[in-house]
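# Coordinate inspection notes
Below, each chain spelled out in residue letters.
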Amino acid sequence: MKKVNLLISAMAMSFALASCSSDNVVIQNEGGGKAVKEIIAKNFDPEKQVQELEIKAKEELYGELGEIRIVYWEGEKQMEHVYSVEKGLQEPKETFASERKMTRQMQKTKTMAVKEFDVEPIPQKVAEAIKLMPEEAATHNLYEYSFSFDKDGKAKQNFKINATKKGEGKTQSGRMVTTNYYEFNFELDDAGKVVIVETP
């Protein structure tokens with residue numbers, strides 16, 4: 001568990017709350033996985049072979065879908081293609097690590113067709129994870145969920161839930177509001193069971 005301070009202007013926070021609507025996808029809610037699956041099918045080539053698929057929330061403490069990112073290879077270039085809820089489907093581009101030839105940060109691994117990533121059970125996995133969190137954790141929000149492969153071709157699923165702590169409120173100084181939140185990291189073990197990952 002890692003403690004983080006989130007600093008945001010009161011005006012920006014009010015805008016974020018006002019922007020919420022029933023049409024937005026909250027990834028961890030019932031039906032959220034299915035909605036994400038439909039967005040992926042609509043925006044990406046279902047047969048595209050990719051090594052990573054990442055789903056990310058719009059804000060650290062609001063679980064609405066922000067973007068979906070796939071990572072794949074074109075020859076010796078590692079590429080990424082991003083769908084943004086706010087901006088739509090972006091142009092594919094070379095990853096930061098690939099542009100700068102950071103070979104230690106990128107590795108050719110096993111790939112899988114986009115359509116084969118099983119995103120529908122994400123809400124169930126999040127629900128399992130919340131049961132492993134301490135009782136004082138509150139307002140659990142899925143921030144990111146990724147599918148990838150290790151160097152041996154083994155499939156991995158990792159995700160992060162951000163939570164506030166019961167009894168800790170926001171503090172305001174002028175127009176700036178500070179909120180403490182805590183990062184909890186999880187993964188699926190070999191049996192597909194959710195386990196918490198201890199971080200320094």
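Above this note sits the structure.
Scope of this entry: the structure provided in the associated data block. Not measured: the values here are computed from a predicted model.

## Side note on helix 2 (residues 32–43)
Taking 1.5 Å per residue, twelve residues should reach 16 Å; helix 2 reaches 17 Å between its end C-alpha atoms and fits that length. Turning to helix 2, its buried residues are Gly32, Gly33, Ala35, Val36, Ile39 and Ile40. Relative to the axis of helix 2, the buried residues are bounded by an arc of 160 degrees and lie together on one face. Looking at helix 2, the residues exposed on the side facing more than 90 degrees away from the buried face are Glu38, Ala41 and Lys42.

## Description of the pattern of salt bridges
Oppositely charged side chains may form a pair once their charged atoms are brought near each other. Going through the model one piece at a time under the given rule, you end up with twelve salt bridges. Between Glu47 and Lys115 there is a salt bridge, and its shortest N-O distance comes to 2.8 Å. On the criterion of sequence distance, the pair formed by Glu47 in the loop between helix 2 and strand 2 (49–50) and Lys115 in the loop between strand 8 (112–113) and helix 4 (122–132) is long-range, its members being 68 residues apart. As a salt-bridge pair, Glu80 and Lys93 come within 3.9 Å of each other at their nearest N and O atoms. A residue pair is termed long-range when its members are at least 10 positions apart, and Glu80 in strand 5 (residues 77–84) and Lys93 in strand 7 (residues 93–94) qualify at 13 residues. By relative accessible area, which is 12% here, Glu80 ends up buried. What emerges from the salt-bridge pattern is a single network uniting Glu52, Glu54, Arg69, Glu80 and Lys93.

## Focus on the packing of aromatic side chains
Per the stated rule, a full pass over the model turns up four aromatic pairs. Taking 5.7 Å as the distance between ring centres and 70 degrees as the angle between the ring planes, the aromatic pair formed by Phe117 and Phe147 counts as edge-to-face. Of this pair, Phe117 sits in the loop between strand 8 and helix 4 while Phe147 sits in strand 9 (residues 137–149), and the two are 30 residues apart along the sequence. Judged by relative accessible area, which is 6%, Phe117 ranks as buried. The class for Phe147 is buried, based on a relative accessible area of 5%. Ring centres of Tyr145 and Phe147 lie 5.2 Å apart, and the angle between their planes is 40 degrees; this geometry places the pair in the tilted category. Assigned by exposure class, Tyr145 and Phe147 land together as buried. Among the aromatic residues, those joined into a cluster by ring pairs are Phe117, Tyr145, Phe147, Phe159 and Phe186. Between Lys48 and the ring centre of Tyr72, over which it is positioned, the NZ or CZ distance is 4.1 Å.

## Notes on the nonpolar core
Counting residues in each nonpolar core, the largest one holds 36 residues, and the members touching the most others are Ile55, Ile68, Ile122 and Phe159. Looking at this core, the elements that each hand over two or more residues are helix 2, strand 3 (52–59), strand 4 (62–74), strand 5, helix 4, strand 9, strand 10 (155–165) and strand 12 (176–188). When sequence neighbours within four positions are dropped, the list of residues in contact with Ile55 reads Ile27, Val36, Leu65, Glu67, Ile68, Val119, Ile122, Tyr143, Glu144, Tyr145 and Phe147.

## Notes on helix 4
All of the buried residues in helix 4 are Ile122, Pro123, Lys125, Val126 and Ala129. An end-on view of helix 4 places all buried positions within 155 degrees of arc, on one side of the element. Packing partners of the buried residues in helix 4 comprise helix 2, strand 3, strand 9, strand 10, strand 12 and strand 13 (194–197).

Reading the values: the criteria
Residues numbered from 1 in each chain as written. Predicted model: local features only at pLDDT ≥ 70, side-chain atom pairs only at ≥ 80, totals over all residues. Heavy atoms only, no water. Helix = DSSP H or I, 4+ residues; strand = E, 2+ residues; numbered from the N terminus. Expected span 1.5 Å × (residues − 1). Buried < 20%, exposed > 50% of the residue type's maximum accessible area, 1.4 Å probe, protein only. Arc of directions from axis to C-beta. Salt bridge = Lys/Arg side-chain N within 4 Å of Asp/Glu carboxyl O. Phe/Tyr/Trp six-rings, centres within 6.5 Å; stacked < 30°, edge-to-face > 60°. Lys NZ or Arg CZ within 6 Å of the ring centre and 35° of its normal. Core = buried A, V, L, I, M, F, W, Y, C linked by side-chain atoms within 4.5 Å. Contact = heavy atoms within 4.5 Å.

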